[in-house]
Amino acid sequence: MTLTRDGIAYRVARDLPEGSYVNLGFGIPSLVPSYLSPDTEVIVHTENGVLGAGPNAASGAEDPDLVNASNEYVTLLPGSSLFDHALSFAMIRGGHLTHAIMGANEVAANGDLANWHVPGQKVPGVGGAMDLAFGVANLYIAMFHVTNQGEPKIVTACTCPLTAPRCVRRIYTDLAVIEVTPGGLVLREVARGLDAAAVQARTGAPLRVAADCREMEVPAAYNGVTLSV
């Protein structure tokens, strides 16, 4: 079975270590705070100036002055702080964040990232993606494995304009967890009911199957549709 958006976010959250300082991008990454373990201190940073952001605000409890970079209403955890864009980007460019989680249009086998522009579509600009890709050591991608047209988003080489070269460390999708290594892509985990061949068939670059490749540990509630294999 494939994972839902929440299932992907849950799986990413399991891999954020104690003491991490994490920036979250648009879409699926913004769901991660809801699945962080209360026993693990992970500090969430937003580009627009929050350090210590909590889960998204519940319906009816939104503060119109408290949003993340996705314009979603968020909450503040004890000890959180607020600041301007200049200081926020100084944290990013100064290497003070340990992790960034983004979506992607394409990820190449060598870790190249394309996530700001699809040729032929109008976009307002690159935003902070380039700063994060260059300034944060551990860049994780959270996305669906294929496009709405069924085309692979993990490819041998990106065809969309690059955000940054050789920057992605790990990819989390609705089908698998894949590590980017100097020797290529390594398949670490597969979704429940799938095997390596099913994932490879939907991937546009060769995968090397890890000797300890296993099933993704995600609650059944976050399983999506059954995939024809």
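Thresholds applied
- Residues numbered from 1 in each chain as written.
- Predicted model: local features only at pLDDT ≥ 70, side-chain atom pairs only at ≥ 80, totals over all residues.
- Heavy atoms only, no water.
- Helix = DSSP H or I, 4+ residues; strand = E, 2+ residues; numbered from the N terminus.
- Rg over C-alpha atoms; globule rule 2.2 N^0.38 Å.
- Buried < 20%, exposed > 50% of the residue type's maximum accessible area, 1.4 Å probe, protein only.
- Contact = heavy atoms within 4.5 Å.
- Lys, Arg positive; Asp, Glu negative; His and termini not counted.
- Charge placed at Lys NZ, Arg CZ, Asp CG, Glu CD.
- Phe/Tyr/Trp six-rings, centres within 6.5 Å; stacked < 30°, edge-to-face > 60°.
- Salt bridge = Lys/Arg side-chain N within 4 Å of Asp/Glu carboxyl O.
- Pairing = 2+ DSSP bridges.
- Axes fitted to C-alpha atoms, helices over the stretch in contact; angles between N-to-C directions.

A. Representation of the overall build of the protein chain. Helix and strand counts for the protein chain come out as 4 helices and 13 strands. Computed over its C-alpha atoms, the radius of gyration of the protein chain comes to 17 Å, within 12% of the 17 Å expected for a compact globule of 229 residues. C-alpha extents for the protein chain along the principal axes are approximately 45 × 35 × 30 Å. Buried positions account for 48% of the 229 residues belonging to the protein chain. Residue pairs in contact within the protein chain that sit at least 24 positions apart in sequence constitute 64% of those at least 6 positions apart. Distance between charge centres in the protein chain, computed from 14 positive and 22 negative side chains, equals 8 Å.

B. Spotlight on the packing of aromatic side chains. This structure, assessed with the given rule, holds 4 aromatic pairs. Seen in terms of ring centroids, Tyr 10 and Tyr 35 are 6.1 Å apart; in terms of plane orientation they differ by 70°. Their pairing is edge-to-face. Taken together, the positions of Tyr 10 in helix 1 (residues 5–14) and Tyr 35 in the loop between strand 1 (20–24) and strand 2 (42–46) put the pair 25 residues apart, joining distant regions of the chain. Exposure remark for Tyr 35: the relative accessible area of 14% places this residue in the buried category. When the ring of Tyr 140 is compared with that of Tyr 172, the centres are 5.7 Å apart and the planes differ by 55°; the resulting orientation is tilted. Of this pair, Tyr 140 sits in strand 8 (residues 138–142) while Tyr 172 sits in strand 10 (residues 168–172), and the two are 32 residues apart along the sequence. What makes Tyr 140 buried here is its relative accessible area of 5%. Overall, the relative accessible area of 1% leaves Tyr 172 in the buried class.

C. Spatial organisation of the pattern of salt bridges. Under the definition given, this model contains 9 salt bridges. We note a salt bridge from Arg 188 to Asp 212, for which the minimum N-O separation is 3.7 Å. Of this pair, Arg 188 sits in strand 12 (residues 184–190) while Asp 212 sits in strand 13 (residues 207–215), and the two are 24 residues apart along the sequence. With relative accessibility at 31%, the residue Arg 188 sits in the partly exposed group.

D. Seen up close, the side chain of Lys 153. Here Lys 153 lies in the loop between strand 8 and strand 9 (154–155). It turns out Lys 153 is buried and unbridged, and the closest side chain with the opposite charge, Asp 174, is 8.3 Å from it. Contacts of Lys 153, omitting those with residues within four sequence positions, involve Ala 104, Asn 105, Glu 106, Val 107, Met 143, Phe 144, His 145, Val 146 and Thr 147.

E. Expanded view of the sheet that holds strand 4 (residues 74–82). What the 10 strands build is an open sheet, ordered 4-3-2-1-5-8-10-11-12-13; its pairing is mixed. At either margin of the open sheet sits one strand with a lone partner, and together these are strand 4 and strand 13. Recorded for the sheet is a direction-independent mean angle of 30° between the axes of neighbouring strands. By the bridge criterion, 3 bridges tie strand 1 to strand 5 (residues 99–102) in an arrangement that is parallel. Across the sheet, residue Leu 24 finds its bridge partner in strand 5, namely Ile 101. Its contacts with the sheet put helix 1 on strand 5, strand 8, strand 10, strand 11 (176–181), strand 12 and strand 13, and the angle it makes with strand 10 is roughly 135°.

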